[in-house]
Amino acid sequence: MLQPKHFFLLPALLTLLAIIIFPLLFTVRVSFSSWDVYQAGLDYIGARNYLRVFQDTRFWESLLRLSVMSAISVSLQYTLGFALALAVWKQTKGGRLFRVLFLVPMMTTPVVMSVIWRTMFHESLGPVNDLLSVFGIAPVPWLSSAAGAFASVIIVEVWQWTPFMFLLLLAGLVSLPREPYLAAAIDGAGPWRTFWQVTFPLMAPISIGALVIRLIEASKIMDTVYVLTSGGPGTATETPSYYIYIRGLRDFQVGYSAALSITYLVLMIVSLTIISKLLMRFLIGKDS
Amino acid sequence: MRKPLTGSLSALALASSGILGAPAVHAEDYSRFGISADIPGTCSYEAIDAKDYSGRTLNIITHAIPVIGEPTALHAEQFAELTGAEVNVVHVPFGDLFQRIMIPFQSGQNAYDVLFYGSLWIGDFNRFLEPVPETYLNSTGMADVTDSFRGVATWNGQMIQYPMDGDRHYLKYRTDAFENDALRVRFQAETGRELAVPATWEEYNEIARFFSGFDWDGDGEINYGSAEVAKRDDLMFSAFISRAAPYAKHPDVTGGFFFDLETMEPLINTPGFVRGLELFVEAQEAFPPGGTNFGLGDEIFSFGGGQTLMSYSWDDAFVQAQQEDSRIRNMVGAAPLPGAREVWNRDTGQWDRFDEPNRAPYMTWGWSSAVSALSEEKEMAFDYLCFFANEANTSHDLQIGRFGVNPYRNSHFDSAFWQSLGWEAQVADSYVNTLSQMEQSDNRVYDLRVPGVGQFMSSMANGVAEAMAGQKSAQDALDGVADEWRAIVDRIGKDRLRDAYANVVRLEDNTHQDGSP
C-alpha cells in the first residue's frame, strides 16, 4: 500500500526516468523512423532500419574487429594490472608514490591522451620511432598500416586503462584474509604455488568484476579511435561506436544510427552476460 | 544600382593605409579596430556605425577558433561596439557543426540568426535559409565577388549564402627544387624527361617518386615527393575529387560529373574515377612516413614546413610556406591542378586522347555564411555579414593565414597586394594567375551540393580509404561506393536529388537557370 514514505523515492525515480528510461525508449522509437538529413521527425517505417543493419557488412566487420581488439587489450590490462598490484601489495617503501603514479594515465582525459599518443606515434616526427632507431629498429608505420594502427589503439588502451585494473585488483589483494597464506606457508608452499593455489582463486570474484567492467568500457571505445586513426587505414580500426557516430552525426542518418545503437546494445548485453557466466564457471567453478 | 568596385585590392589596401589618401569625408578614425583606415562602401565601418541596434541580440554559430571562428568573433565584437547590439558567438568544431545547425532547423527552433558553415551543405540547408535581400546583392562588396563564387552562393537562381571566402584546390610546388640544375640533370638521366611542373597526374606521381627519400634541399632532413590529405574522414574526399576530375570530367560531355543527371545513376565507378583512384593509390610511394594518415593539418605542416616537394589542396599550405618566419618563403610556386591526356567519355564509352592535358579545376567547398529564415533579426544579421565582408575587413583578413579567408573577389587577384606582404613577384604572380585562371575555366568541377552530401562523401571516403589501404582494388572499392550511392538516392528520393543536383550541373556546364549558356 502506498505510504507517505514512498514519496521520498519519487525524485530518484523521476531522475531515472529522465536520464535513462526516456532516452532509451525515445531511441527505440527513433529506430523505427526514417529520420534522415532530409526527412525529420518520427514517421513509422517498421523494421526497415533493422533489416538494413543485418545487411550492413561494415557494421558486422567492425563488431568482429572490436571483439579481437577488446580481448587483446583487456587481457593485457588484466595481466599487467595484476602484476603491478602484486608488486605494490607487499611493498612498503615508496608504495604510496607508486600507487599514485600508476593511476595518472587513468586520470587523464582520453581525447587529450590520444592526441599526445598520436604525436608520439607520428612516423617522421614522433619520438617512438626515434627511440626505436637508437636500437637499430627500422621505423614502424604506426598509424599508416593496418597492423600498426590496430596495435597503436591497443597500446593506448592498455596504457590508459591498466591502472583501473591495478586499482581494483590491489583493493582486492589488500582485503584478502591472512589465514590461507599462513596455512600455505606451514604446508611449505613457495611463492609460485601460493599464487596459483591461494591468491588467484581468492581473487577470482574481483577479477571477474574487473574484467567485465573493462569489457563493457572497451566495447564503447570511440575517442581513442576518433583521434588516433579515424577508423583507418581503410577500415582497419573502425569500431561499432565510431561507425555509429559516422552514420548518426556525420551522415545525419538519425533513424538508422538509432537502429544500429539498439542492435549494438542488445548484442553487448547478451554477449557480456555469456562472458560473465563463462568466467564464473572457469574461475570459480559455478554459475553464480 | 551602385557602381561596382573597380579598383584593385592593392589600391584598396593602400587607401586603407592612407598612402593614396583616405577620403576627407571620414571624420571618424576606425583604426582602433585593427584596420589602417575605413574603406568607403555599403557596409563600411562608417555606414555600420550609423546604425543603432541597442537592446537587440544577434546569435551566431561558427567554426572553432582560429579558422573562420576568429574573424567571426573579431567582427562580432566590432559590430557590437559600433551598433550597440549584443552579439553572441558560439564556436563549434567542424565535426559537430553540421548537426548543431541542422538539429534546430529540423525542430523549427530559432537558435541562430547567422550561420557560418561549409558551402557544400547548401543542398541540405537551402530550405532553411533567407535569401540575400536586394540591398545587399547590390552592395559594393557583392559586386566584386567572382561569378563562380556568386554561383556557389546561389540556389535555384537565388542567392541564399553570403559570400565571404573563396576556396579551390591547386598545385603547390618547391621552385628551388624545380630550378636546381643538378637535380634537373639527375631527373633527366633517370627518367629521360625534362623536369617541369607536372601537367598530368601521371607526371606528378613520377616526379614525386623521384624526389622521395633523399635530402634534396640540403637542410639535413630527408625530403619526400608529395603531401596529400589521405586520412579518411579528414577531407580526403576532396583530395580524391581533385585527382579524379581531369579523367572523369570530359569538356565535351555535359549533364553531370558525379551522377548522370537524367537517370541519377552514379558515375563514381566509371573508368575516369577508377583511374584517378589508381593513381592516388600509387602516389602513396612518395608520401612522407605516415603520409597515408595525413589530415589537412599534417599536409599544411609537411609542405609548408619544407618536407615535401609538392602538394595540392586549399590555400593554407601555400600561405604557411609564405609566412615571414618560413624557411621556404619565396621558394614556392602555384600552378593549376595536373590534368589528364586521356579522358573518359561516358557518352561514347571510350577514352579520348588529348594532346594538351585536360584540366578540370576543382572549386572545392569553402566557408560560407547565411541568415536563418527563422531569424527575427534578419536585417541586423545581414548587416553583420555585410560588415564582416566589407572591403576593409576582407583586406585585413586575407593577410592572416589562420583566419581561413581566401580570395573570392576580382580585386583579390592582384599580384601587387601580395607583393606588399613581402611575397616576391614571381610567387605572387603564380598565385594570382593560378587562381584567376580557374575563374576563367569552363570545365570546372564543383562539390556534390545535394541533400545528404555528408552521406555521399562519407561513403566515397570509405571506399577510397579501402583502396588506399589495399583492402580492395580501385574498381571494387568504387563499385561498392556506387552501390551505396544508389541506396542513398533511393532513401532520399531520386527526384529531390535530381532537382538539387541540377544546380551543380548548371555551374559545371556553365548554363543558366533556363538552360541557356
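What counts and what doesn't
- Residues numbered from 1 in each chain as written.
- Chains lettered and ligands numbered in written order.
- Predicted model: local features only at pLDDT ≥ 70, side-chain atom pairs only at ≥ 80, totals over all residues.
- Heavy atoms only, no water.
- Axes fitted to C-alpha atoms, helices over the stretch in contact; angles between N-to-C directions.
- Helix = DSSP H or I, 4+ residues; strand = E, 2+ residues; numbered from the N terminus.
- Parallel < 35°, antiparallel > 145°, perpendicular 65-115°, else oblique.
- Left-handed = near helix turned anticlockwise from the far one by under 90°.
- Contact = heavy atoms within 4.5 Å.
- Nonpolar A, V, L, I, M, F, W, Y, C, P; charged D, E, K, R; others polar.
- Pairing = 2+ DSSP bridges.
- Salt bridge = Lys/Arg side-chain N within 4 Å of Asp/Glu carboxyl O.
- Buried < 20%, exposed > 50% of the residue type's maximum accessible area, 1.4 Å probe, protein only.
- 1 Å grid on protein atoms, 1.4 Å probe; cavity = no way out; pocket = protein on both sides within 12 Å on 5 of 7 lines; lining within 4 Å.
- Points joined across faces, edges and corners; volume = space filled by probe spheres on them.
- Core = buried A, V, L, I, M, F, W, Y, C linked by side-chain atoms within 4.5 Å.

### With respect to the packing of helix α1 (residues 10-30) of chain A against helix α12 (residues 254-284) of chain A
Pairs of packed helices are described in terms of their axes, by the angle between the two and the distance that separates them. All names here are of chain A. Relative orientation of the contacting elements α1 and α12 amounts to 120°, with a least axis distance of 8 Å. Taken together, the axis directions place α1 and α12 in an arrangement best described as oblique. The chirality of how α1 crosses α12 is left-handed. Residue-level inspection shows L24, T27, V28 and V30 of α1 in contact with α12, the latter providing V254, G255, A258, I262 and L265. Per-class residue counts for the contact of α1 with α12 are seven nonpolar, two polar and no charged.

### Re the sheet that holds strand β6 (residues 170-174) of chain B
Residues and elements named next belong to chain B. Read across the open sheet, the four strands follow the order β7-β10-β6-β11; overall the sheet is mixed. Each edge of the open sheet is held by one strand with a lone partner, namely β7 (224-227) and β11 (332-335). Sheet twist, expressed as the mean angle between neighbouring strand axes with direction ignored, is 20°. The pairing of β6 with strand β10 (residues 308-313) spans four bridges and is antiparallel. In the sheet register, Y173 faces β10, and the bridge partner there is M310. Across the sheet, helix α19 (residues 425-440) is in contact with β6 and β11; its angle to β11 comes to roughly 15°.

### Section: the pattern of salt bridges
Residue and element names in this part refer to chain B. The final tally for this structure, using the stated rule, is 30 salt bridges over all chains. K51 serves as the salt-bridge partner of D383, at 2.9 Å between the closest nitrogen and oxygen. Pair noted here: D383 is in helix α16 (residues 378-388) and K51 is in the loop between α2 (45-49) and β1 (57-63), with a separation of 332 residues, a long-range link. Given the relative accessible area of 2%, D383 is considered buried. Relative accessible area serves as the criterion here: at 29%, K51 is assigned to the partly exposed category. Of the charged contacts, one joins E265 and R486 as a salt bridge, the two residues approaching to 2.7 Å between their closest N and O atoms.

### Topic: the layout of surface pockets
By rolling a water-sized probe across the atoms, one finds the places where empty space is left. By volume, the second largest pocket is sized at about 910 Å³. Breaking the lining of the second largest pocket down by element, the ones donating at least two residues are α2 (48-55), α3 (57-89) and α11 (240-250) of chain A together with α20 (453-468) and α21 (474-492) of chain B. For the lining of the second largest pocket, the element with the highest residue contribution is α21(B), accounting for 10 residues. Looking at the lining of the second largest pocket, its residues break down into 11 nonpolar, 11 polar and 14 charged.

### Some remarks on the nonpolar core
By size, the foremost hydrophobic cluster in this structure holds 171 residues, and its most contacted members are W485(B) and Y501(B). With 32 residues, the next largest nonpolar core counts M69(A), M113(A), V128(A) and Y256(A) among its residues.

In short, the description is geometric, and any link to function would need to be established separately.
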